[in-house]
Amino acid sequence: MIQLSLGYLISAKSKPELPTVAVVLAEAARAAADYARERTIDQLNQKIHLDLLASS
């Protein structure tokens, strides 16, 4: 995901005259947020799994 968001940011920098720069930047922010969300969900799943193993 992080490569996707960086790709969007690079596109925005290389073509600032495009009318879709706002869309490109919004997509970069969305991709970064998606990555952070997935990473957090994975961390929570690991924590829950370890807690379940420890309690049994």
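For the structure itself, consult the block above.
What you see is a predicted model; the values in this text were computed from it and never measured.

## Focus on the overall build of the protein chain
Then comes step 1: On a plain count of helices and strands, the protein chain comes out with two helices and zero strands.
Then comes step 2: Buried residues in the protein chain amount to 12% of all 56 residues.
Then comes step 3: For the protein chain, the accessible surface area stands at approximately 4500 Å², while carbon and sulfur atoms represent 66% of it.

## With respect to a nonpolar patch on the surface
Then comes step 1: Where nonpolar side chains cluster on the molecular surface, the patch consists of Leu44, Ile48 and Leu52 and spans about 300 Å² of accessible area.
Then comes step 2: Taking relative accessible area as the criterion, Ile48 reaches 47% and is therefore assigned partly exposed.

## With respect to the pattern of salt bridges
Then comes step 1: Evaluated as defined, the whole model comprises five salt bridges.
Then comes step 2: Glu27 is the salt-bridge partner of Arg30, the closest N and O atoms lying 2.8 Å from each other. Of the two residues, Arg30 and Glu27 are both situated in helix H2 (residues 21-55); the distance of three residues between them amounts to about one turn of the helix.
Then comes step 3: For Lys47, the salt bridge goes to Asp51, with nearest N and O atoms at 3.3 Å. Of this pair, Lys47 and Asp51 both sit in helix H2, separated by four residues, roughly a single helical turn.
Then comes step 4: Each member of the salt-bridge network shares a partner with another, and the members are Glu27, Arg30, Asp34, Arg37 and Glu38.

Cut-offs and rules
- Residues numbered from 1 in each chain as written.
- Predicted model: local features only at pLDDT ≥ 70, side-chain atom pairs only at ≥ 80, totals over all residues.
- Heavy atoms only, no water.
- Helix = DSSP H or I, 4+ residues; strand = E, 2+ residues; numbered from the N terminus.
- Buried < 20%, exposed > 50% of the residue type's maximum accessible area, 1.4 Å probe, protein only.
- Areas by Shrake-Rupley, 256 points an atom, 1.4 Å probe, with all protein chains shown as cover.
- Patch = residues over 30% accessible without salt bridge, like charges linked within 9 Å, V, L, I, M, F, W, Y side chains within 5 Å.
- Salt bridge = Lys/Arg side-chain N within 4 Å of Asp/Glu carboxyl O.

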